[in-house]
Amino acid sequence: MTTAVVAIGGNAILRKGQTPTMENQLGNLKETCRYISAMVASGYDITLSHGNGPQVGDILLQNEAARDQVPPMPLDVCVAESQGLVGYLFQQALTEELAALCCERIVPCVLTRVLVEEHDPAFSSPTKPIGPYYSAEEARRLMGEKGWAMGEDLSRGGWRRVVPSPRPVAIIEAASISRLVHSGDDLVIAGGGGGIPVVRRNGRMEGVEAVVDKDLASACLAKCMGVEELIMLTDVDGAYLDHGTPGERLLGSVSADEAERYLEEGHFPPGSMGPKVEAGIAFVRSGGRRAVITRPELLHTALSSKAGTQIRDR
Ligand code: ADP
Ligand code: MG
């Protein structure tokens, strides 16, 4: 048995341009879960984490649209809701695909909090755009009424709320998740959307209006659980050097030091490939055996080191 945390990107749940109906999301998930189930059948003990960008965006939009009837919930509560929503769809899709391979597992979903540092510099410079687009006038009202930071998205011609993206320090429920995984037949879903961010304040745990990057949170979970591998599934074959140029080339097997050098040279932008490479480096440096970045269709080949980007400590 090999142990792994598998982090699944938002595109596995909802493709760009697709209507976010339940059927569309479940259909996409089934496809991804077929590859995950094959990984389980080949002898992996998996904990699954996932993104929540489009889902939490829609929850925020629902809150906004109904704000005269139902009081809007703060962001940490919306992240918690999205863990339930996506977690349940994964439970359904995985149960079905695992059964098709005669590889039944119980698939519990653990509502997961992630500890962040109250004095993380991210809190004084919010960078992560979330939720609906607003006109300049609405943006001004929200900045005044709610004290939100807002940023203009020039590509879409609207304003969006921007929130802090602090670094994960620890996964509060990591030990419980480990116990479920080690107890036998459980494939646990945890850490969705990067976890619900909380800070310790006056001896209490308080939810904060922030979002933690799901790849960095997955690396933190993998480290806290002491698993052997961190697998990040997204919509490209792996990490590329000179991505998007005619000279782009796939990064195959690299050491953490080599990957860090390319990261510093600016090959992997923040908010997309950057955090994946950073998560991979942090994971192998904290004792993980390897980190893999690839797409679900290549998972099987990547596990035998014949596809994707593989980051190892040496
Ligand atoms: P996910 O939802 O899986 O986290 P992201 O959009 O955050 O997906 O990250 C994957 C995207 O990163 C790819 O679709 C690709 O367009 C983009 N990307 C940016 N730089 C690179 C790079 N150097 N190599 C590969 N992909 C890159
Ligand atoms: Mg991402």
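Let us look at the structure shown here. What you see is a predicted model; the values in this text were computed from it and never measured. The residue numbers shown here count from 1 along each chain, following its written sequence. Here chains are named by letter from A upward and ligands by number from 1 upward, in the order in which they appear as written. A pLDDT threshold of at least 70 governs which residues receive local features in this predicted model, and a stricter bar of 80 or more applies before side-chain atom pairs are shown or counted, although totals over entire chains, interfaces and linings include all residues. Heavy atoms throughout the structure, all of them, feed into the side-chain values; hydrogens and water do not.

### Some thoughts on the overall build of the protein chain
Elements are defined by DSSP. Helices are runs of H or I of four residues or more, strands are runs of E of two residues or more, and each kind is numbered from the N terminus. Within the protein chain, the secondary structure is distributed over nine helices and 17 strands. Counting only C-alpha atoms, the protein chain reaches 55 × 45 × 45 Å along its principal axes. For the exposure calls, accessible area comes from a 1.4 Å probe over protein chains only, and a residue counts as buried if that area is under 20% of its type's maximum, exposed if over 50%, partly exposed in between. Across the 314 residues that make up the protein chain, the buried fraction comes to 50%. It only takes one pair of heavy atoms within 4.5 Å for two residues to be counted as in contact. For the protein chain, the proportion of contacts with a sequence separation of at least 24, taken over those separated by at least 6, is 73%. Surface accessibility of the protein chain: about 14500 Å² in total, with carbon and sulfur atoms responsible for 51%. Of the side-chain charges in the protein chain, 31 are positive and 40 negative, and the distance between the mean point of each set is 2 Å. Where accessible areas are quoted, they stem from the Shrake-Rupley method and a 1.4 Å probe; at the residue level, only the protein chains shown are allowed to cover. Neither His nor the chain termini are counted; the positive set is Lys and Arg, and the negative set is Asp and Glu. Charge placement uses NZ in Lys and CZ in Arg. For Asp and Glu, CG and CD serve respectively.

### Some remarks on the sheet that holds strand E7 (residues 158-163)
Adjacent strands of a sheet form backbone hydrogen bonds with each other and so pair up, either parallel or antiparallel. Paired strands, in this sense, are two strands between which DSSP finds at least two bridges. Pairing is antiparallel across the open sheet formed by three strands, whose spatial order is E5-E7-E6. Each of the sheet's edge strands pairs with one partner strand only, and the pair in question is strand E5 (128-134) and strand E6 (149-153). Shown here is a sheet whose adjacent strand axes are inclined to one another by a mean of 40 degrees, direction ignored. Sheet topology places E5 next to E7; four bridges connect them, and they run antiparallel. Bridge pairing in E7 places Ile 130 opposite Arg 161. Axis lines are fitted to C-alpha atoms, over the contacting stretch for helices. Their N-to-C directions set the angle, which ranges from 0 to 180 degrees.

### A word on the site of ligand 1
Nearness is judged by heavy atoms alone; a residue qualifies as near a molecule or strand once a single heavy atom is within 4 Å of it. In the vicinity of ligand 1 there are 18 residues, among which Lys 214, Thr 234, Asp 235, Tyr 240 and Lys 276 approach most closely. Under the rule applied, a polar contact is a pair of N or O atoms within 3.5 Å (in protein, one hydrogen donor and one hydrogen acceptor; residues adjacent in sequence only if both atoms are side-chain atoms). Within the contact set of ligand 1, an oxygen atom lies 2.8 Å away from a side-chain nitrogen or oxygen of Lys 214. Here an oxygen atom of ligand 1 and a side-chain polar atom of Lys 276 are 2.6 Å apart. Relative to its unbound accessible surface of 570 Å², ligand 1 loses 81% to contact with the protein. Charged means Asp, Glu, Lys or Arg here, nonpolar means Ala, Val, Leu, Ile, Met, Phe, Trp, Tyr, Cys or Pro, and polar covers whatever is left, Gly included. Here the residues of the shell around ligand 1 are counted per class, giving seven nonpolar, eight polar and three charged.

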